[in-house]
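Each chain, letter by letter, is given below.
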Amino acid sequence: MNRHRSGALNAVLAGAEVALVGLFSAKDKEFDSKLDLLASLVDAHGGQVVSRHVQRRGVSSGGADKMGDPFSRRTLLSPGRAREVAEACRQRGVAVAVFANPLTDHQRAVLTDMFGCLVLTGEDLR
């Protein structure tokens, strides 16, 4: 990451309350450690993680065939989970939501509008 981008992220994240969000396969037993790594990246940029939101794919019957797929091309998450995270972000006054998963520009725009805060990914913090 170049120095300018790192400085801009530090300015955005410095003192900000941050929500971590991730979509993980039910087979992924390491999702907690992945969120811990993401939390350490947020901390390194001066942010404070105040909540974690996990969507598991393939936990319910019928979901095993789709474990690697997003729930929604618009939000990555299921509609219910996306609304739940949005409500939690708004109630807490979260300034930034950081996804463990890569997002398209369209997903970022939809989620930013839905959550009422800036949406980044772990890749943005590296």
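For the structure given in this document, a descriptive report is provided here.

Procedures and definitions
- Residues numbered from 1 in each chain as written.
- Predicted model: local features only at pLDDT ≥ 70, side-chain atom pairs only at ≥ 80, totals over all residues.
- Heavy atoms only, no water.
- Disulfide = S-S within 2.5 Å.
- Buried < 20%, exposed > 50% of the residue type's maximum accessible area, 1.4 Å probe, protein only.
- Pairing = 2+ DSSP bridges.
- Helix = DSSP H or I, 4+ residues; strand = E, 2+ residues; numbered from the N terminus.
- Axes fitted to C-alpha atoms, helices over the stretch in contact; angles between N-to-C directions.
- Contact = heavy atoms within 4.5 Å.
- Salt bridge = Lys/Arg side-chain N within 4 Å of Asp/Glu carboxyl O.

## Re the state of the cysteines
Here a disulfide denotes a covalent bond joining the sulfur atom of one cysteine to the sulfur atom of another.
Logical step 1: Tallied over the full model, the rule gives 0 disulfides.
Logical step 2: Counting only cysteine sulfurs, Cys-89 is the nearest neighbor of Cys-117, a cysteine outside any disulfide, at a range of 4.5 Å.
Logical step 3: We classify Cys-117 as buried; its relative accessible area is 6%.

## A closer look at the sheet that holds strand 1 (residues 17–25)
Logical step 1: Taken in spatial order, the 4 strands make up an open sheet running 2-1-3-4, and their pairing is parallel. Sheet topology places strand 2 (48–57) and strand 4 (118–121) at the edges, where each strand pairs with a single neighbour. In this sheet, neighbouring strand axes are inclined to one another by 25° on average, regardless of whether the strands run parallel or antiparallel.
Logical step 2: Seen against the sheet, helix 3 (residues 79–92) touches strand 1 and strand 2 and runs at an angle of roughly 170° to strand 2.
Logical step 3: Each of strand 1, strand 3 (96–99) and strand 4 is contacted by helix 4 (residues 105–115), which is oriented at about 135° to strand 4, the strand it contacts most.

## Description of the pattern of salt bridges
Logical step 1: Taken as a whole and assessed by the stated rule, the structure comprises 6 salt bridges.
Logical step 2: Between Arg-126 and Glu-123 there is a salt bridge whose closest N-O contact spans 3.4 Å.
Logical step 3: Relative accessible area serves as the criterion here: at 44%, Arg-126 is assigned to the partly exposed category.

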